Amino acid sequence: MRKGGISQDGVLKAIAEYDELGRDRFLTKYGYKPATGYLLLHEDRTYDSKAIAGVAHKFDQGRALRPDELSGGRSHAARWLARLGFMIRSSRSPDWTRDEIILACDLAMTNGWKRLEYNDPRVIELSALLQSMPIHPEELRNELFRNPNGVARKTVDITSRHPNYRGKPTNGNALDVEVMNDFLARPAEMAEVAQLIRRGLTTGELQDLSAEFEEEDDYSAPEGRLLIRRHKSRERDKGLRKRKIDAALRQGRKIVCESCGFDFEATYGPRGAGYIECHHVVPLHEAGEGRTKLSDLALICANCHRMIHRRAPWPTPGELRNLIRETVDQGRAQIPSQQEPEPIRS
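Fair warning: this is a prediction, and the values are worked out from it, not measured in the lab. (Residues numbered from 1 in each chain as written. Predicted model: local features only at pLDDT ≥ 70, side-chain atom pairs only at ≥ 80, totals over all residues. Heavy atoms only, no water.)

1. Things to note about the sheet that holds strand S1 (residues 38-42)
Spatially, the three strands line up as an open sheet ordered S2-S1-S3, and their pairing is antiparallel. Of all the strands in the sheet, the pair left with one neighbour each is strand S2 (45-48) and strand S3 (87-90). The sheet shows a mean angle of 40° between the axes of neighbouring strands, direction not considered. For S1 and S3, the ladder comprises four bridges, and the chain directions are antiparallel. Across the sheet, the residue bridging to Leu41 is Met87, located in S3. (Pairing = 2+ DSSP bridges. Helix = DSSP H or I, 4+ residues; strand = E, 2+ residues; numbered from the N terminus. Axes fitted to C-alpha atoms, helices over the stretch in contact; angles between N-to-C directions.)

Here it is, written out as structure tokens:
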């Protein structure tokens, strides 16, 4: 099925045939199985997205597509239907992210690491907060997305993995245990992280952050995705970066990386003059909603910036500088002294 091979009119005709035959007869007629991933929503009714897209092809291109000619996932039928303006919903809830588990762990910790019930006001409040979180796209959210039952179940998964729990653990996942262990090792710090996420969602600060950060998956931090987005948005503030560079120049400093000393102008000439990246040095769990000060920023090159963010805990520019020096010194010690090669004897 080529891109653009179906139209909105073709989809509506497929929906009409679906309504006329009923789901079972429609799917049997064209050889499709019930959708397991995505459903099309139209006039308060749900339809099997892959089958609808395949049959719509008949009205636009002269024949219905076989089930093996397209997939029903976001990269195929569901995406094409969404591009035509139709509403797509996932038939199952997406996996819990670290940010969501942090909030659930925080609630479990405040409850003494005991499970909570679905009708607990705190569970109901967290359910509403999770539903407002700008992480999962709308097409992945079904009618049960992070409802109170699901939130209560997550607290069971978490608390049943606590070291003091004496019963049989539920079938949670490794991330539940990982985040719980972060709370057990650093309870005050992780509680502050949870409060920062809550506060940011409530005030709208984290709601307004764009999700289109292409390098987000390359950043590692126990504080979760939303606080990383806020951190990166501050680092990319061109006005702050310019003020930081201007302040360095007024102090008579060269614009070089504070970790490795790389000088863009020395290497690239006029093209590199005045270029450097900014790194926000305040730890994520301490960086609240206050105004970013110039002292919160460090000037570093792109390579060092990536190395800082690559793995938690993030080193400071000074710590990375020491690591670079140690590595260089070790490298020098391992380089054998050069000797004149022995003459080849015949």
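Once you've had a look at it, read on.
2. A closer look at unusual backbone geometry
Of note in this structure, Trp113 is not a glycine but carries a positive phi near 55°. One non-glycine residue, Arg146, lies in positive phi territory at about 45°. The residue Arg146 is located in the loop between helix H6 (121-132) and helix H7 (148-159) in this model.

3. Considerations on the pattern of salt bridges
For the coordinates displayed, the defined rule picks out 24 salt bridges. As a salt-bridge pair, Arg153 and Asp157 come within 3.6 Å of each other at their nearest N and O atoms. Of this pair, Arg153 and Asp157 both sit in helix H7, four residues apart, which is roughly one turn of that helix. According to the relative accessible area criterion, Arg153 is partly exposed, its value standing at 46%. (Salt bridge = Lys/Arg side-chain N within 4 Å of Asp/Glu carboxyl O. Buried < 20%, exposed > 50% of the residue type's maximum accessible area, 1.4 Å probe, protein only.)

It is worth stressing that arrangement in space is one thing and function is another; only the former is reported here.
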